[in-house]
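A closer look at the structure
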Amino acid sequence: MALKIIASMCSGCSACEPECPNVAIREKGGTFVIDPKKCTECEGQFDSPQCIAVCPVDGCIKKV
Amino acid sequence: MSTNTTFVSLSGLKKGRQAVSEVIELEGGCSTSGGSGKSSCGSSAGPEDMPPEIWEKIKNHPCYSEEAHHHFARMHVAVAPACNIQCNYCNRKYDCSNESRPGVVSQKLTPDQAVKKVLAVASEIPQMTVLGIAGPGDSLANPKKTFDTMRQLAETAPDIKLCISTNGLALPDLVDEICKYNIDHVTITINMVDPAVGEKIYPWIFYNHKRYTGYEAAKILHERQMLGLEMLTARGVLTKINSVLIPGINDEHLIEVNREVKKRGAFLHNIMPLISEPEHGTVFGLTGQRGPTAQELKAVQDACMGGANLMRHCRQCRADAVGLLGEDRSEEFTLDKIEAMDIHYDLDKRRAYQEKVEQERQAQHQAKVDALSAAFDEQLAGVDADMKVLVAVATEGHGKVNQHFGHATEFQIYEVGQGQALFVGHRRVDLYCQGGYGEDEQLPSIVNAINDCHAVLVSKIGACPRDELKAAGIEPVDEYAHEFIEKAALNWFADYRQRIASGQVVHVPRGDARIRQGAYTAEAA
C-alpha cells in the first residue's frame, strides 16, 4: 500500500512534501519521490491522501 | 492653481523624516496638476488621503509608488514554489502566468541561496530597497522557507524593506510571524468577496488537511482573506490588494471588492488585467476566457476612484525580477554568478547613496511643481470644457518626456483635461527601433497598444513612424522634448483645444486599445 509520484508530471513545487504525515516524501533531482516503505496512503490518519489533495497536477500521484 | 507652494529646502531635507512628512502634509504629495486639486499620480507621491506615516513607509518602495520606481529598485526571490489553492488563471506546471513569465520555470532558491542573492544584489545595486517573496506559489503556503529567508535578512540587511504576497488562505495563522520579522508590506490577492463569483475562479483549495471545491472552497477562502486583512490592519501592517480583472466574471464585482477591502483598512488596490494566452495552459487560457481591453481595465479602475487608493503602474513582474521596474537584471544574478561574487554589504554606503537619490528626487519634484505653476489653460469658445483625452508618453524617467519613440518598451498613459494631467497607466510595447533601424512590422502592434490615445509625446521620432501614427489618427508630438510630462501634456492639450476652436482640427473620439499579454520581462537597456 503506497502511492507513487509520476516524475514526468511532477512540477517540483514541493507542496506535497510538508503535508505528508509519515515524512515519506523527499526531493530527488528537482522532482519529488515517495518512499513506499513509509507511505500509508494516509489510511487512518486523514480522510484522503494529503499529497494527492494538495498536488496541483491532476493524476500526478497514483496508487502502485 | 497653487503657485505659492511651500517646500522644504534640500538642507531641510537632511533634517530627516520629519521634514519630509511636513512636505507631504503641506504639499499633499503630488497635487501638482493644479485646478482640480487632485493628485496627479494616484499613489505616486503621497495623496491627500494617505497619512504621512504611511507615505514614509512606501515612498522608497518602487512597487507602491510610480515616482519611486524610477529611483529605487526591488527584487523578488523565488523560495516559495508550493501553493495551497488552485486558480483558473494559473498553471502550476509552468509557473504562475500572472506572477511570472509563463513557460520558463523560475530558478527556485533555498533560503540560504536567496539570502546570498539578496546581499549580492544589494551590494551591486544600492538603489535596491525592497525584497519581496511572491512565489511562484504562495509565500505563506511555504512558511518555513519564507520566514527562514526573512529572519536571516532582518539580521544581515536591516535596511531592506521586506514584503510578501499571498492568497490569504494561511494568513490568519501567520500574522504573528509576519510581525515578528518586521515584514511591513503584505499583498493579498483578492478577486472576489462573493463565493458565487469565487467558485468561477478557484476550482479548489487545500485547507485543514482537506481539499475543498466549489462554493464551499470559495467561501472559506473569502472568510480567511477578510480575517487576515483585518488582523494585518489591526497590527498596523500595510496591506495592498491585488485583483485580477476577469471580464464577465468579476469585472463589475471588483468595485464591491474595492469597497470591502477599503473598509477593512487596505491602503492600496491594484487591479491587473487577466493574462490568458492559450499556450500558458491555464484553465482560462484553454476555455478561451479573454483578458480585458485597455479601456475595460480603465473603466473598472476609474469606477473604483474614491475607494481604496488605486495603483496604476503595476507591470506584473516576474517572481524573480531584479532591479528597477523598467529593467530586469536577474540574468546578472544567477546562482553560479552569485557563487563567484565577492560580496561586500556596506550599510553606510547604501544609506549615503539612497539619501543622495532622495535629495535628487525631491529637487526634481520641486522643479516639476515650479514648471507646472507656469502652465495655464484658458477657456475656449466652442470647445467642450469637460473634454478629456489620453496621451501616450515616452519616458526614461525623471518625470520627463525624454525618450525616442523607437527606444520605448512602454508608454505611460496620461488623461488630460482642462487644468489636469493624471497618470492612468502604462502600455507595454515591443521595441520599435532595433540596432538603429525601425522595425516596420512592430508599428501596428504599437498603434494597437495606444490606439485610445490622441497623441504620443516623445523626445524624437523618425519620419516613417511619424507618418504611420498620423495615418492611424494619433498625433506624434516632439515639441515638448525634455519637459516635465504633466507640463508637456497640458501644453499640448491647450494647443489641441486652440486648434479645435480655430477649426484647424475636428475632435474625434478614439477607440479601444489592446493590453499586451504576459508578465513584464524587459531587460536592462
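Data block above holds the structure.
In what follows, the accompanying structure is described. Per chain, the residues get numbers from 1 upward, laid out in the order the sequence is written. Each chain takes a letter, starting from A, and each ligand takes a number, starting from 1, following the order in which they are written. Only residues with pLDDT of 70 or above have their local features reported here, since the model is predicted, and side-chain atom pairs are shown and tallied only from 80 upward, although totals for entire chains, interfaces and linings are computed over all residues. To get the side-chain values, take all heavy atoms of the structure and skip hydrogens and water.

1. Quick notes on the overall build of chain A
The secondary structure listing takes helices from DSSP runs of H or I that are at least 4 residues long and strands from runs of E that are at least 2 residues long, numbered from the N terminus. Assigned secondary structure in chain A consists of 2 helices and 4 strands. What you see in chain A, going N to C, is helices and strands ordered as β-α-β-β-α-β. As a reference, a globule follows 2.2 Å times the number of residues to the power 0.38, and the radius of gyration itself is taken over C-alpha atoms. A compact globule built from 64 residues should have a C-alpha radius of gyration of about 11 Å, and chain A, at 10 Å, falls within 12% of that. With respect to the three principal axes, the spread of C-alpha positions in chain A is 30 × 20 × 20 Å. The buried share of chain A, reckoned over its 64 residues, is 47%. Whether two residues are in contact is decided by their heavy atoms, any of which lying within 4.5 Å being enough. Residue pairs in contact within chain A that sit at least 24 positions apart in sequence constitute 58% of those at least 6 positions apart. Residue exposure ignores everything except the shown protein chains as possible cover, and the areas themselves are Shrake-Rupley values with a 1.4 Å probe. When the accessible surface of chain A is totalled, it reaches about 3,500 Å², and 54% of it is carbon and sulfur. Once the 7 positive and 8 negative side-chain charges of chain A are each reduced to a mean point, those two points are 10 Å apart. Three exposure classes are used, based on accessible area relative to the maximum for each residue type with a 1.4 Å probe and protein chains only: buried under 20%, partly exposed in between, and exposed over 50%. Within this scheme the basic residues Lys and Arg register as positive and the acidic residues Asp and Glu register as negative, but His and the chain ends are omitted. Every charge is mapped onto a representative atom, which is NZ of Lys, CZ of Arg, CG of Asp or CD of Glu.

2. Section: the side chain of Glu260(B)
With respect to the element layout, Glu260(B) can be found in helix α9 (residues 253-263). Here a polar contact is recorded for every N or O atom pair within 3.5 Å, except that within protein the pair must consist of a potential hydrogen donor and a potential acceptor, and residues adjacent in sequence are included only if both atoms are side-chain atoms. Here Arg264(B) takes part through its side chain, which lies 2.8 Å from a polar atom of the side chain of Glu260(B).

3. Considering helix α13 (residues 347-373) of chain B
Here the expected span of a helix is defined as 1.5 Å times the quantity of residues minus one. In this model, α13(B) (27 residues) spans 39 Å end to end at C-alpha, consistent with the 39 Å of a helix rising 1.5 Å per residue. By the burial criterion, the buried members of α13(B) are Arg350(B), Gln354(B), Val357(B), Glu358(B), Arg361(B), Gln362(B), Gln364(B), His365(B), Lys368(B), Val369(B), Ala371(B) and Leu372(B).

4. Comments concerning the interface of chain A and chain B
Each partner contributes residues to the interface: chain A has 19 residues there, and chain B has 14 residues. What counts as buried area is the accessible surface, traced by a 1.4 Å probe, that two parts surrender upon association, with contributions from both included. Surface buried jointly by chain A and chain B totals about 1,200 Å² across both partners, of which 50% is contributed by carbon and sulfur atoms. Inspection of the chain A/chain B interface yields 7 residue pairs in polar contact (both at pLDDT 80 or more). Per element, the largest residue contribution to the side of chain A that touches chain B is 4 residues, and it comes from helix α2 (residues 50-54) of chain A.

5. Considering the side chain of Gln50(A)
Tracing the sequence through the fold places Gln50(A) in helix α2. Gln50(A) sits in the buried class, given a relative accessible area of 0%.

6. Here we look at the sheet that holds strand β9 (residues 268-273) of chain B
All names here are of chain B. Strand order across the open sheet formed by 8 strands is β10-β9-β8-β5-β4-β3-β1-β11, with mixed pairing between neighbours. This sheet does not close on itself; its edge strands, each paired only once, are β10 (310-311) and β11 (322-323). Sheet topology places β9 next to β10; 2 bridges connect them, and they run parallel. Residue histidine 269 lies in a different strand from β10, and its bridge partner there is leucine 310. Strand pairing is assigned whenever DSSP identifies at least 2 bridges connecting the two strands.

7. Quick notes on the state of the cysteines
By definition, disulfides here are pairs of cysteine sulfur atoms that lie within 2.5 Å. Scanning the entire structure with this criterion turns up 0 disulfides over all chains. Just so you know, Cys60(A) is unpaired, no disulfide at all, and the nearest cysteine sulfur is the one on Cys55(A), 4.3 Å from it.

8. Some details on the environment of Gln152(B)
All names here are of chain B. Here glutamine 152 lies in helix α5 (residues 143-156). Sequence separation between glutamine 152 and alanine 217 is 65 residues, and the spatial gap between their C-alpha atoms is 35 Å. Leave out the neighbours within four places in its chain, and glutamine 152 touches Pro111, Asp112 and Val115.

9. Thoughts on the pattern of salt bridges
Residues and elements named next belong to chain B. A carboxyl oxygen of Asp or Glu within 4 Å of a side-chain nitrogen of Lys or Arg is what we treat as a salt bridge. Counted under the stated rule, the structure contains 22 salt bridges over all chains. Across the pair glutamate 177 and lysine 180 runs a salt bridge, and its minimum N-O distance is 3.9 Å. Taken together, the residues span about one helical turn, with glutamate 177 and lysine 180 both in helix α6 (residues 171-180) at a distance of 3 residues. Note on lysine 180: relative accessible area 56%, which makes it exposed.

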